[in-house]
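Next come the chains, spelled out residue by residue.
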Amino acid sequence: MKKSITCILLIYTVLVLHSIKIHAGEQKNDSLLLMWWNVENLFDTHNDPDIDDEEFTPEGRNHWTQKKLALKRLRIKQVLDSIDTSPEYRRYPDILAFAETENRTVFAGILKEIGSSPYKTLYIESPDKRGIDIGLAYNPQTVRLISSKSYLVPVGNDKPTRHIIIAGFSAGGHPFRLMLNHWPSRAFDKEWTEQKRITAAKTARHIADSLRRTDATIDLIIMGDFNDEPENRSIKQVLGSSGDAARVRRACSDLLYNCWSGYSGIGSYSYRNNWERIDQILLSCGMLQKKGLSISHNAFRCFYFPNMLAQSANRPYSTYHKGKYKGGYSDHLPLLLKVDIESAKKR
């Protein structure tokens, strides 16, 4: 009898340990908070001979010093602390992605000061000549990184752009994919540079299609600074975006839901004092179904508080404006997405 009880206890212990190993680091939360933010030129102060970063050094055109970097880090921390203390969220993002970070070290330096639980990072250097990348961080206590891969956007060797990054995660035992983008800018003229964004859109569409061929209802979240707005051809036609949730549900293999749909607030970026929505979050049809991961009403938000806006203009309070140092937060505002996680009881 004692041997039987001992055997049962041993089997139970093994099963519990196996379950813990499978879901290591995943707390049983009922939601996730994701953040996208182009933080505007988060550079260190050192001259890297392999990239064109001379303007962001103490001797460079922008006179980028340790004091200015320290203020930049403080500004970013203020935003993240504000999210944590916001009645709507009361937490730091479980996953955050920053565009325009120079390297892993300067990105990790921001994260060290955030929250009581240290983030883990996924950082892939891009071929961008200025050296700006996308930095991805996640809380290992709430999500588990499963896989990652980067894709080259074939815009030519004269001015290569940032990689598209795809990361596989699990939350509450539910797998999902996250795609990060920072498409070529509208520098000089948006029509002149449009073809490069069309190329980026085709690359992102190819990735999304390959995932949906395996599972049409896959949970896929696409975030980025696309340098085009929801109604532009690269987003609407090529990538396949719609603000009609019912239409997306009917066309799971072809369409993505654009979270700006129905949003009445300001945009994330301002050009000539007109708000634009070039930073976007798009979702697969699987995210519109009440299983696995899903979103509820008002899940999406362009986040800011009054000090993040310029006092004298209809734009964000940026670090630089028209070549002059202002000491603000960024020329973009961050986007937040709250994602619901289906509990085991509902399955």
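Description of the structure in this document. (Residues numbered from 1 in each chain as written. Predicted model: local features only at pLDDT ≥ 70, side-chain atom pairs only at ≥ 80, totals over all residues. Heavy atoms only, no water.)

Some points on the sheet that holds strand 9 (residues 241-242)
Part 1 of the reasoning: Taken together, seven strands build an open sheet; the order of strands is 5-6-7-8-13-10-9 and the sheet is mixed. At either margin of the open sheet sits one strand with a lone partner, and together these are strand 5 (144-151) and strand 9.
Part 2 of the reasoning: Here strand 8 (residues 220-225) runs beside strand 13 (residues 279-283); their pairing, made up of five bridges, is antiparallel. When the sheet's bridge partners are listed, Gly224 is paired in strand 13 with Gln280. (Pairing = 2+ DSSP bridges. Helix = DSSP H or I, 4+ residues; strand = E, 2+ residues; numbered from the N terminus.)

Observations regarding unusual backbone geometry
Part 1 of the reasoning: At Arg90, a residue that is not glycine, the phi angle is positive and equals roughly 55°.
Part 2 of the reasoning: Relative to the helices and strands, Arg90 resides in the loop between helix 2 (66-85) and strand 2 (95-101).
Part 3 of the reasoning: Residue Arg90 is classed as exposed on the basis of its relative accessible area of 58%.
Part 4 of the reasoning: Positive phi is not limited to glycine here, since Asn273 has a value of about 65°.
Part 5 of the reasoning: Turning to its location among the elements, Asn273 is positioned in the loop between strand 11 (269-271) and strand 12 (274-276). (Buried < 20%, exposed > 50% of the residue type's maximum accessible area, 1.4 Å probe, protein only.)

Quick look at the pairing of strand 13
A regular strand places its side chains on the two faces of the sheet in alternate fashion.
Part 1 of the reasoning: Within strand 13, five of the five residues are buried, leaving the element largely enclosed by the surrounding structure.
Part 2 of the reasoning: Residues Asp279, Ile281 and Leu283 line one face of strand 13 and the alternating positions Gln280 and Leu282 line the opposite face, and both faces are buried.
Part 3 of the reasoning: Pairing of strand 10 (residues 256-258) with strand 13 involves two bridges; the strand directions are antiparallel. Residue Asn258 lies in a different strand from strand 13, and its bridge partner there is Leu282.

Structural notes on the side chain of Lys68
Part 1 of the reasoning: Note on placement: Lys68 falls in helix 2.
Part 2 of the reasoning: Lacking a salt bridge, the buried Lys68 has Glu40 as its closest oppositely charged neighbour, with an N-O distance of 11 Å.
Part 3 of the reasoning: Excluding its chain neighbours within four sequence positions, the residues that come into contact with Lys68 are Asn62, His63, Tyr320 and Tyr325. (Lys, Arg positive; Asp, Glu negative; His and termini not counted. Salt bridge = Lys/Arg side-chain N within 4 Å of Asp/Glu carboxyl O. Contact = heavy atoms within 4.5 Å.)

A look at the packing of aromatic side chains
Part 1 of the reasoning: Considering all chains together, one arrives at 16 aromatic pairs under this definition.
Part 2 of the reasoning: Summarising the aromatic geometry, the rings of Phe43 and Phe56 are spaced 4.5 Å apart at their centres and angled 5° between planes, so their arrangement reads as stacked. One end of the pair, Phe43, is in the loop between strand 1 (31-42) and helix 2; the other, Phe56, is in the loop between strand 1 and helix 2, and 13 residues separate them in sequence. We note that Phe43, like Phe56, is buried.
Part 3 of the reasoning: The interplanar angle of 20° and the centroid separation of 5.7 Å between the aromatic rings of Phe169 and Phe176 together place this pair among those described as stacked.
Part 4 of the reasoning: A residue is classified by how much of its surface remains accessible, and Phe169, at 1% relative accessible area, is buried. (Phe/Tyr/Trp six-rings, centres within 6.5 Å; stacked < 30°, edge-to-face > 60°.)

So, the pattern of salt bridges
Part 1 of the reasoning: Enumeration over the complete set of coordinates arrives at 14 salt bridges.
Part 2 of the reasoning: Linking Asp228 and Arg186 is a salt bridge whose minimum nitrogen-to-oxygen distance equals 3.0 Å. Of this pair, Asp228 sits in the loop between strand 8 and helix 5 (233-240) while Arg186 sits in the loop between strand 7 (174-182) and helix 4 (190-214); the two residues are 42 residues apart in sequence, bridging distant segments of the chain.
Part 3 of the reasoning: Its salt-bridge partner being Asp228, residue Arg197 comes within 3.0 Å of it at the nearest N-O pair.

Some thoughts on the side chain of Thr45
Part 1 of the reasoning: With respect to the helices and strands, Thr45 occurs in the loop between strand 1 and helix 2.
Part 2 of the reasoning: Look at Thr45 and you get buried, because its relative accessible area is 9%.
Part 3 of the reasoning: One polar contact links Thr45 to Gln66, side chain to side chain, over a distance of 3.0 Å.
Part 4 of the reasoning: Apart from residues no more than four positions distant in its own chain, Thr45 is found in contact with Phe56, Thr57, Pro58, Trp64, Thr65, Gln66 and Leu69. (Polar contact = N/O pair within 3.5 Å; in protein donor to acceptor, adjacent residues only side chain to side chain.)

Details of the nonpolar core
Part 1 of the reasoning: Ranked by size, the top nonpolar core spans 73 residues in total, and within it Phe98, Ile221 and Leu337 carry the most contacts.
Part 2 of the reasoning: Ranked by the residues each element gives to this core, the list is headed by strand 1, at eight residues.
Part 3 of the reasoning: Filtering out sequence-adjacent residues up to four positions away, Ile221 remains in contact with Leu34, Phe176, Arg177, Leu178, Met179, Ile281, Leu282, Leu283, Met287, Leu337 and Val339. (Core = buried A, V, L, I, M, F, W, Y, C linked by side-chain atoms within 4.5 Å.)

Digging into helix 5
Part 1 of the reasoning: Buried within helix 5 we find Ser234, Ile235, Val238, Leu239 and Gly240. The arc that holds the buried residues of helix 5, viewed along the axis, is 150°, so those residues lie on one side. (Arc of directions from axis to C-beta.)

Looking at the pairing of strand 2
Part 1 of the reasoning: Most of strand 2 sits out of view: seven of its seven residues are buried.
Part 2 of the reasoning: Where strand 1 meets strand 2, six bridges bridge the pair, whose relative direction is parallel. Each bridged residue has a counterpart across the sheet, and for Met35 the counterpart in strand 2 is Leu96.
Part 3 of the reasoning: In this fold, the crossover linking strand 1 to strand 2 by way of helix 2 has right-handed handedness.
Part 4 of the reasoning: Pairing of strand 2 with strand 4 (residues 133-138) involves six bridges; the strand directions are antiparallel. What sits directly across from Ala99, in strand 4, is Ile134. (Right-handed = clockwise from strand over helix to strand, strands pointing away.)

Here's the deal with helix 2
Part 1 of the reasoning: Between its terminal C-alpha atoms helix 2 stretches 28 Å, which fits the 28 Å expected from 20 residues at 1.5 Å a residue.
Part 2 of the reasoning: Regarding helix 2, the residues found buried are Lys68, Leu69, Lys72, Arg75, Ile76, Val79, Leu80 and Ile83. Along helix 2, the residues classed as buried sweep out an arc of 125° about the axis, all on the same side. Residues Lys67 and Thr85 are exposed on helix 2 and point more than 90 degrees away from its buried face.
Part 3 of the reasoning: Buried residues along helix 2 sit in contact with strand 1, strand 2, helix 3 (104-111), strand 16 (320-321), strand 17 (324-325) and strand 18 (335-341). (Expected span 1.5 Å × (residues − 1).)

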